[in-house]
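Coordinate analysis (summary)
Given next are the chains, with one letter for each unit.
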Amino acid sequence: MEHLTLLIGVVIVTALVFDFTNGFHDTANAMATTISTGALKPKTAVAMSAVLNLVGAFLSVEVAKTISGGIIDEGSGIKPEVIFAGLVGAIVWNLLTWLAGLPSSSSHALFGGLIGATLVSVGWSGIHADAIVMKVLIPAIAAPLVAGIAAAAATRLTYRLGKNRRSEDTAKGYRAGQIASGALVSLAHGTNDAQKTMGVITLALITGGVVAPNSDPPMWVIVSAAVAIALGTYLGGWRIIRTMGKGLTDIKPPQGFAAQTSSATVILASSHLGFALSTTQVCSGSIMGAGVGKKGGVVHWSTASRMVAAWGLTLPAAGLVAGAAAFLAGQGDWGVVVVAVLGIAACAAIWAASRRNAVDHTNVNEVEGDADAAVDPVTIPAPAAAPSGTSATSRATA
Amino acid sequence: MSIEWAALGEVFGVSLVVTVGIVGVFTLGIVGTARRTAPAGEGDGESVAPTGAARAGATVCFAACAAAVAYGIYLIVA
């Protein structure tokens, strides 16, 4: 047992920061449609999601144990600097996509960061290209399609079965169902994503010789990762919630329920069968499917295509930032310091930029469409109400 | 490198069947408990309260969905 070095400490803090961004980036997955259909008040929704993420993080350590061996070859001389650089890349990309209000995969950001940093400092031998294709790329394409098709079919079915019922009579039931399935997504998110951070911290501890190889994450790692993701979730990535809840399509309670159920099912089925997939992509796919599945439903394809573009960019972009960070950090202690300073500066700049058109729990449901459009929190542009109004009438006549 | 088509297909099949199944059953539960509106043209917005049998059927539907959620939690924990 060696002592915890300063560098390992920095890696742990960075990993927890990533975990935090992961939490607020992904609140939208479980709660965006729950909030937009009014099933739960925004603050209640994020609080519930936070608690379930916290609980979920304690439920199992299976994912944490597979993260290191799967994609990165931990025997190839990965050093704490490399993990640090990977995390910085992941955090920067997560914040940039949050600023743009785009739901992109936090897991892909993490994998991209780690892969990029490993490539620069170790080379191709350090990564398992097969595992990347099978465990990351294929699920990335398949998961949103599967979730979308299932949600579309379920939406069609639920509208057909319920066609003799008035929407005001059924909305309450659908909302209750939505809360249950949203809760399941939150719980699954906690077990999956908090554990990825636990896995990274454990990997750092192993590379630093603090714990023995192949050991389970120590209790303090589990607790701190769980708390970090829960805090991030509670803070709520309102920009992304707005995009997913209002920007992709106008979600009604039956659609929200169908989408959430599809997401929960796909996430559970695939993680049970050993695919690590992106919760974000599954949930976005479901929401679009629910939009397509409803007669007269509208999917805002321009927002959707920007989102898909962000998905494609996530892996290489996080990898690029991490690669540059790894190059700098590899120059010695001063390099690590430079990376840390640049990383903090980037985060601060992104946060400052976000203040110019803040989105929070008060205006999360008020605008749809282009998340980049400058939004004055006080006066909401009048045209914003029009699309929801027209689709509401089309529903009434359908 | 081999692509595990069988596993992918399994995820697809299971997801589709389970999603549509749960949403269908839950919708039946909602339909069973909600007031039935008269078909368009007959009566002006009149609606009929659900019968006892419909309510009982709906309870069974909701119980089935609750069981599915419990199984989901079991999958997460296990």
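Residues numbered from 1 in each chain as written. Chains lettered and ligands numbered in written order. Predicted model: local features only at pLDDT ≥ 70, side-chain atom pairs only at ≥ 80, totals over all residues. Heavy atoms only, no water.

Thoughts on the overall build of chain B
Scanning chain B for helices and strands turns up two helices and two strands. Across the 78 residues in chain B, those meeting the buried criterion constitute 28%. By sequence separation, contacts in chain B at least 24 residues apart represent 48% of the contacts at least 6 residues apart. Carbon and sulfur atoms form 68% of the exposed surface of chain B, whose accessible area is close to 4,500 Å². (Helix = DSSP H or I, 4+ residues; strand = E, 2+ residues; numbered from the N terminus. Buried < 20%, exposed > 50% of the residue type's maximum accessible area, 1.4 Å probe, protein only. Contact = heavy atoms within 4.5 Å. Areas by Shrake-Rupley, 256 points an atom, 1.4 Å probe, with all protein chains shown as cover.)

Focus: the pattern of salt bridges
Residues and elements named next belong to chain A. Evaluation of the coordinates by the stated rule reveals two salt bridges over all chains. For K252, the salt bridge goes to D250, with nearest N and O atoms at 3.4 Å. D250 carries the same exposure label as K252, and that label is buried. (Salt bridge = Lys/Arg side-chain N within 4 Å of Asp/Glu carboxyl O.)

Re the side chain of S49 of chain A
Residue and element names in this part refer to chain A. Within the secondary structure, S49 sits in helix 2 (residues 42-59). A distance of 3.0 Å separates the side chain of S49 from the side chain of S186, its partner in a polar contact. Once residues lying within four places of it in the same chain are set aside, the contact partners of S49 are A30, M31, S186 and T233. (Polar contact = N/O pair within 3.5 Å; in protein donor to acceptor, adjacent residues only side chain to side chain.)

What about the packing of helix 1 (residues 6-36) of chain A against helix 11 (residues 279-293) of chain A?
Helix-helix packing is characterised by the crossing angle of the two axes and by the distance between the axes. Residues and elements named next belong to chain A. Closest axis-to-axis distance for the helix 1/helix 11 pair is 8 Å, and the angle between their directions is 30 degrees. One finds that helix 1 runs roughly parallel with respect to helix 11. Two packed elements cross with a definite hand, and for helix 1 against helix 11 that hand is left-handed. Where helix 1 abuts helix 11, its residues D26, N29 and T33 lie against T279, T280, C283 and I287. Partitioned by chemical class, the residues of the contact of helix 1 with helix 11 number two nonpolar, four polar and one charged. (Axes fitted to C-alpha atoms, helices over the stretch in contact; angles between N-to-C directions. Parallel < 35°, antiparallel > 145°, perpendicular 65-115°, else oblique. Left-handed = near helix turned anticlockwise from the far one by under 90°. Nonpolar A, V, L, I, M, F, W, Y, C, P; charged D, E, K, R; others polar.)

Here we look at the interface of chain B and chain A
Tallying the contact residues gives 35 residues for chain B and 40 residues for chain A. Interface of chain B and chain A: buried area, both sides summed, is about 3,400 Å²; carbon and sulfur atoms make up 80% of it. For the pair chain B and chain A, the number of links is zero salt bridges. Applying the counting rule to chain B against chain A returns three residue pairs in polar contact (both at pLDDT 80 or more). Here the side of chain B that touches chain A is built from residues that sort into 22 nonpolar, nine polar and four charged. (Buried area = accessible area lost by both parts, 1.4 Å probe.)

A word on the nonpolar core
The nonpolar side chains of soluble globular proteins are, as a tendency, buried together. With 94 residues, the main nonpolar core has I83, L87, L205 and I241 of chain A as its most contacted residues. It is helix 7 (residues 167-207) of chain A that contributes the most residues to this core, 13 residues altogether. Core analysis: the second largest hydrophobic core is formed by eight residues, A154, Y174 and A258 of chain A together with V23 of chain B among them. (Core = buried A, V, L, I, M, F, W, Y, C linked by side-chain atoms within 4.5 Å.)

A closer look at a positive patch on the surface
Together, R156, R160, K163 and K295 of chain A make up a region of like positive charge exposed at the surface. When you line up the elements, K295 of chain A lands in the loop between helix 11 and helix 12 (301-329). (Patch = residues over 30% accessible without salt bridge, like charges linked within 9 Å, V, L, I, M, F, W, Y side chains within 5 Å. Lys, Arg positive; Asp, Glu negative; His and termini not counted. Charge placed at Lys NZ, Arg CZ, Asp CG, Glu CD.)

Side note on the environment of L248 of chain A
Residues and elements named next belong to chain A. Structurally, the position occupied by L248 is in the loop between helix 9 (238-247) and helix 10 (253-272). Placed 43 residues apart in sequence, L248 and G291 show a C-alpha to C-alpha distance of 8.1 Å. Residues in contact with L248, not counting those within four places in the same chain, are T243, S284, I287, M288, V298, V299, H300, T303, A304 and M307.

Notes on the UniProt feature "transmembrane region" (unreviewed entry) in chain B
Residues and elements named next belong to chain B. Per the UniProt record, "transmembrane region" (unreviewed entry) is annotated on residues 12-34 and 54-77. Helix and strand shares over residues 12-34 are 96% and 0% respectively, and the end C-alpha atoms of the span are 32 Å apart. Between the C-alpha atoms that bound residues 54-77 the distance is 35 Å, and the span itself is 100% helix and 0% strand. (UniProt positions renumbered as here; feature names shortened; annotations may be inferred.)

Notes on a nonpolar patch on the surface
Residues and elements named next belong to chain A. Among the surface-exposed residues, F58, M219, V223, V227 and L231 lie close enough to one another that they form a single nonpolar patch of about 450 Å² accessible area. The biggest single contributor to the nonpolar patch is helix 8 (residues 219-235), with four residues. You can see V227 is positioned in helix 8.

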